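This is what each chain is made of:
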Amino acid sequence: LFDISEIIMEESYKALDTLLKDEATFKQVVEAVFESIDTDKSGSIDIKEIEVFINSVCKEMGIGQAPDKAAIETVFKELDTDKSNSIDKEELGKFLRTLFEEQKKQLEASMKKQIIRFLL
């Protein structure tokens with residue numbers, strides 16, 4: 001029998017899959033996330049704002065260990081494609097897509113492990 005955590009994983013997986021496939025909804029999410037991350041309302045996101053966001057997402061998704069500062073700096077530099085030391089909405093959208101895809105992969109792996117345990 002499946003427990004509640006397995007149901008939550010499956011529902012989270014489905015939600016991420018839908019979000020990644022529905023471009024209009026994805027853009028709405030990017031806009032909402034951008035507004036919530038851009039705490040100083042400057043129209044761009046600096047490294048401190050992105051660090052706070054990443055840590056929050058990791059906590060909400062139940063990811064045990066958030067990335068360290070070096071990893072966040074690496075991600076920030078990769079996402080800051082125009083080298084402006086800030087992230088705009090387009091750059092954030094690329095980041096979120098990557099993050100959601102990674103979360104989806106992790107959920108898929110966890111679900112596969114649950115199925116294997118169930119079968120054994």
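Given the structure is predicted, the values throughout are model-derived calculations rather than measurements.

**Student:** Explain the nonpolar core here, please?
**Tutor:** The tendency in soluble globular proteins is for nonpolar side chains to be buried side by side. Judged by nonpolar contacts, the single largest core of 27 residues is most densely connected at Ile50, Phe53, Leu92, Phe95 and Leu96. Listed by contribution, the elements that provide at least two residues to this core are α1 (4-21), α2 (23-37), α3 (47-60), α4 (69-79) and α5 (89-119). Take this core: its biggest share by element is seven residues, from α5. Beyond its immediate sequence surroundings of up to four residues, Leu92 is in contact with Val30, Val33, Phe34, Ile37, Ile45, Ile50 and Ile87.

**Student:** What exactly am I supposed to notice about α4 here?
**Tutor:** Residues lying three or four places apart along an α-helix face the same way, a consequence of the helix completing one turn every 3.6 residues. Inspection of α4 places Ile72, Phe76 and Leu79 among the buried residues, and these make up the whole buried set. The buried residues of α4 all sit within an arc of 70° when viewed along its axis, so they share a single face. Pointing more than 90 degrees away from the buried face of α4 are the exposed residues Lys77 and Glu78. Taken together, the buried residues of α4 touch α3 and α5.

**Student:** What am I meant to see in a nonpolar patch on the surface here?
**Tutor:** On the surface, Ile4, Ile7 and Ile8 cluster together into a nonpolar patch covering about 300 Å² of accessible area. Assignment of secondary structure puts Ile4 in helix α1.

**Student:** Help me out: how do you make sense of the packing of α1 against α5 in this one?
**Tutor:** Between two packed helices, the angle of one axis relative to the other and the distance separating the axes together describe the packing. Packing of α1 against α5 brings their axes to within 9 Å, and their N-to-C directions diverge by 145°. Judged by the sense of rotation from one axis to the other, the crossing of α1 with α5 is left-handed. Packed against α1, whose contacting residues are Glu6, Met9, Glu10, Ser12, Tyr13, Leu16, Asp17, Leu19 and Leu20, the element α5 presents Arg97, Phe100, Glu101, Gln103, Lys104, Leu107, Glu108, Ser110, Met111 and Gln114 at the interface. Considered class by class, the residues forming the contact of α1 with α5 number eight nonpolar, four polar and seven charged.

About the criteria used
- Residues numbered from 1 in each chain as written.
- Predicted model: local features only at pLDDT ≥ 70, side-chain atom pairs only at ≥ 80, totals over all residues.
- Heavy atoms only, no water.
- Core = buried A, V, L, I, M, F, W, Y, C linked by side-chain atoms within 4.5 Å.
- Buried < 20%, exposed > 50% of the residue type's maximum accessible area, 1.4 Å probe, protein only.
- Helix = DSSP H or I, 4+ residues; strand = E, 2+ residues; numbered from the N terminus.
- Contact = heavy atoms within 4.5 Å.
- Arc of directions from axis to C-beta.
- Patch = residues over 30% accessible without salt bridge, like charges linked within 9 Å, V, L, I, M, F, W, Y side chains within 5 Å.
- Areas by Shrake-Rupley, 256 points an atom, 1.4 Å probe, with all protein chains shown as cover.
- Salt bridge = Lys/Arg side-chain N within 4 Å of Asp/Glu carboxyl O.
- Axes fitted to C-alpha atoms, helices over the stretch in contact; angles between N-to-C directions.
- Left-handed = near helix turned anticlockwise from the far one by under 90°.
- Nonpolar A, V, L, I, M, F, W, Y, C, P; charged D, E, K, R; others polar.

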